[in-house]
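For reference, the chains in residue letters:
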Amino acid sequence: MKKLLVGTIAALFTLSMGGMAMAEDKATMEKPVMEKPAMEKPAIDNTMQKPSVEKAQTREATATVKAIDLKKRIVTLTGSEGKVFDVKVGEEAKNLPQVKVGDLVTVTYYESIAVKVYKKGEAPKADGMTEGVITAAPGQKPEGVKAAQVTVTATVEALDKIKQTATLKLPDGKSISVKVKDPKNMENVNVGDEVVITYSEALAISVVSAKKS
């Protein structure tokens, strides 16, 4: 799972204010076999309301267990296209002995980003990061979900509606220039406004027993 660090929030601004280009997570192990199109709620742009944008995307990949080395905690998988690769399983996976050759591993990755503009002083104080992990009960096939969310508030320092760029000041004092893809998202935005960005991601992994012949 990708690290959610405030130091990389500049990349998130680029995704939120422009066209969202989802990066494939290494944990998916393969080119996604099923991909749902990104969904976007269009900005509300009138003289009374500030713009907001929400986008989300889900990817899913599957692989089959080819071999298991319990001592080294290495599982050899075969992807949907026949590619064979090894995965090092951490100690937090308590149920590794329950995995058998032929089992099917499914990985689902979800990420979303929401951006909302507020007048100066009206943004909610929600900056921070939260994480959570849910795992299977002892003796069951390994499965679990790991989720994380980070919220950051930036301040609009400058706007160039001709070039469709906005300069944002991050919580650490640094400033970045962001290209805004949709000009409607710049309407009713003023210098001094606050931009709240909430980025969420979740990685779910489950193992299903091989079908008996």
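The structure we're discussing is the one just above.
Residues numbered from 1 in each chain as written. Predicted model: local features only at pLDDT ≥ 70, side-chain atom pairs only at ≥ 80, totals over all residues. Heavy atoms only, no water.

Visitor: Looking at this structure, how should I read the environment of Gly 79?
Guide: With respect to the element layout, Gly 79 can be found in strand E4 (residues 74–79). Judged by relative accessible area, which is 7%, Gly 79 ranks as buried. With 26 residues separating them in the primary sequence, Gly 79 and Val 105 have C-alpha atoms 9.5 Å apart. (Helix = DSSP H or I, 4+ residues; strand = E, 2+ residues; numbered from the N terminus. Buried < 20%, exposed > 50% of the residue type's maximum accessible area, 1.4 Å probe, protein only.)

Visitor: When you look at unusual backbone geometry in this model, what are you seeing that I'm missing?
Guide: Generally, phi is negative for residues other than glycine and the peptide bonds are trans, each holding for most cases. The phi dihedral of Arg 73 is positive, around 60 degrees, even though this residue is not glycine. Within the secondary structure, Arg 73 is located in the loop between strand E3 (52–69) and E4. Its relative accessible area of 14% is what places Arg 73 among the buried residues. For Asn 188, which is not glycine, the phi torsion reads 65 degrees and is therefore positive. Within the fold, Asn 188 resides in the loop between strand E10 (175–179) and strand E11 (194–208). Overall, the relative accessible area of 23% leaves Asn 188 in the partly exposed class.

Visitor: Would you take a moment to explain the nonpolar core for this structure?
Guide: The biggest cluster of nonpolar side chains holds 28 residues, and the ones touching the most others in it are Val 65, Val 75, Leu 77, Val 105, Leu 168 and Val 195. Elements supplying a minimum of two residues to this core: E3, E4, strand E6 (104–118), strand E8 (143–160), E10 and E11. (Core = buried A, V, L, I, M, F, W, Y, C linked by side-chain atoms within 4.5 Å.)

Visitor: Honestly, the side chain of Ser 200 in this entry has me stumped. Any pointers?
Guide: Mapped onto the elements, Ser 200 comes out in strand E11. We classify Ser 200 as buried; its relative accessible area is 13%. Of note is the side chain of Ser 200, whose polar atom sits 2.7 Å from the side chain of Gln 149. Setting aside anything within four residues of it in sequence, one finds Ser 200 in contact with Tyr 110, Glu 111, Ser 112, Ala 148 and Gln 149. (Polar contact = N/O pair within 3.5 Å; in protein donor to acceptor, adjacent residues only side chain to side chain. Contact = heavy atoms within 4.5 Å.)

Visitor: Can you walk me through the pattern of salt bridges in this structure?
Guide: When the charged atoms of two side chains with opposite charge come close together, those side chains can pair. With the rule as written, the count across this model stands at 2 salt bridges. Two residues, Lys 50 and Asp 193, come together in a salt bridge whose shortest N-O distance is 2.7 Å. Taken as a pair, Lys 50 in the loop between strand E2 (39–41) and E3 and Asp 193 in the loop between E10 and E11 lie far apart in primary sequence, 143 residues in all. The salt bridge involving Lys 141 is made with Asp 103; its shortest N-O contact spans 2.5 Å. One end of the pair, Lys 141, is in the loop between strand E7 (128–135) and E8; the other, Asp 103, is in the loop between strand E5 (84–88) and E6, with 38 residues separating them in the sequence. (Salt bridge = Lys/Arg side-chain N within 4 Å of Asp/Glu carboxyl O.)

Visitor: Would you take a moment to explain the environment of Ser 175 for this structure?
Guide: Position of Ser 175 relative to the elements: it lies in strand E10. Assessed through its relative accessible area of 40%, Ser 175 is described here as partly exposed. With 19 residues separating them in the primary sequence, Ser 175 and Val 156 have C-alpha atoms 9.4 Å apart. With residues near it in sequence (within four places) discarded, Ser 175 still touches Glu 157, Thr 167, Leu 168 and Lys 169. Within the structure, Ser 175 has its side chain in polar contact with the side chain of Glu 157 (distance 2.6 Å).

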